[in-house]
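Residues per chain are reported as follows:
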Amino acid sequence: MIRVFVSLLTVSTLLSAATSVMAEDVCMPSTELRASLIDWYGEEPVAAPNRAQQQIWASPRTGTWTKVRFDANGTACVLAQGDDWLVGAARAALLASLAD
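Residues numbered from 1 in each chain as written. Predicted model: local features only at pLDDT ≥ 70, side-chain atom pairs only at ≥ 80, totals over all residues. Heavy atoms only, no water.

K.L.:
Hey, could you run me through the packing of aromatic side chains in this one?
P.N.:
The description of an aromatic ring pair uses the distance of the two centres, along with the angle that the planes make with each other. The final tally for this structure, using the stated rule, is one aromatic pair. Judged by centre distance (6.5 Å) and plane angle (70 degrees), the rings of tryptophan 40 and tyrosine 41 are edge-to-face. The class for tryptophan 40 is exposed, based on a relative accessible area of 65%. Relative accessible area serves as the criterion here: at 39%, tyrosine 41 is assigned to the partly exposed category. (Phe/Tyr/Trp six-rings, centres within 6.5 Å; stacked < 30°, edge-to-face > 60°. Buried < 20%, exposed > 50% of the residue type's maximum accessible area, 1.4 Å probe, protein only.)

K.L.:
What's the story with helix 2 (residues 30-41) in this structure? I'm lost.
P.N.:
An α-helical turn contains 3.6 residues, so a residue and the one three or four places further along point in the same direction. For helix 2, spanning 12 residues, the distance from its first C-alpha to its last is 16 Å, which sits close to the expected 16 Å at 1.5 Å a residue. Here helix 2 has its buried residues at Ser30, Leu33, Ser36 and Leu37. Taken around the axis of helix 2, the buried residues stretch over an arc of 120 degrees, which confines them to a single face. Within helix 2, the exposed residues directed more than 90 degrees away from the buried face are Thr31 and Asp39. Check the buried side of helix 2 and you find it contacts strand 1 (26-29), strand 3 (54-58), strand 4 (65-70) and strand 5 (75-82). Positive phi shows up at glycine 42, right after helix 2, with a value of about 65 degrees. (Helix = DSSP H or I, 4+ residues; strand = E, 2+ residues; numbered from the N terminus. Expected span 1.5 Å × (residues − 1). Arc of directions from axis to C-beta. Contact = heavy atoms within 4.5 Å.)

K.L.:
Please explain the pairing of strand 4 as it appears in this structure.
P.N.:
In regular strands, side chains alternate between the two faces of the sheet. With respect to burial, strand 4 is a largely interior element, five of its six residues being buried. Relative to strand 4, strand 3 is paired through five bridges, and the arrangement is antiparallel. Within strand 4, the position partnered with tryptophan 57 by the bridge is threonine 66. As paired strands, strand 4 and strand 5 are joined by six bridges and run antiparallel to one another. Bridging across to strand 5, valine 68 finds its partner in valine 78. Following strand 4, the chain reverses through four residues before pairing antiparallel with strand 5; glycine 74 in that reversal takes a positive phi of roughly 90 degrees. (Pairing = 2+ DSSP bridges.)

K.L.:
Is there a simple way to explain the pattern of salt bridges in this structure?
P.N.:
Side chains that differ in sign of charge can pair as their charged atoms come close. Within this structure, the stated rule accounts for one salt bridge. Between aspartate 71 and arginine 69 there is a salt bridge, with the nearest N and O atoms lying 2.9 Å from each other. (Salt bridge = Lys/Arg side-chain N within 4 Å of Asp/Glu carboxyl O.)

Function cannot be inferred from these measures alone, as they are strictly geometric.
In structure tokens, the structure reads:
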């Protein structure tokens, strides 16, 4: 039984590592990304962009959040996204990830 558990744990670890390596940023024109976040998810910016031009968008209604990087060439890329946007500690931690 322990051998099966160790095997399953090893396989799941390898699969999660492979998934994170294969993940790529989703990029598109910044106007298109902004419209998608507003229309599809009801998100809006929760803080001004930092020096790296990264910004968190969130919706208290749907609970979704998105971390976006805006490039000087007019492109925006989704760096991270998630559910369960909360006011308080979780929100502070996400906003702290934008600190320069």
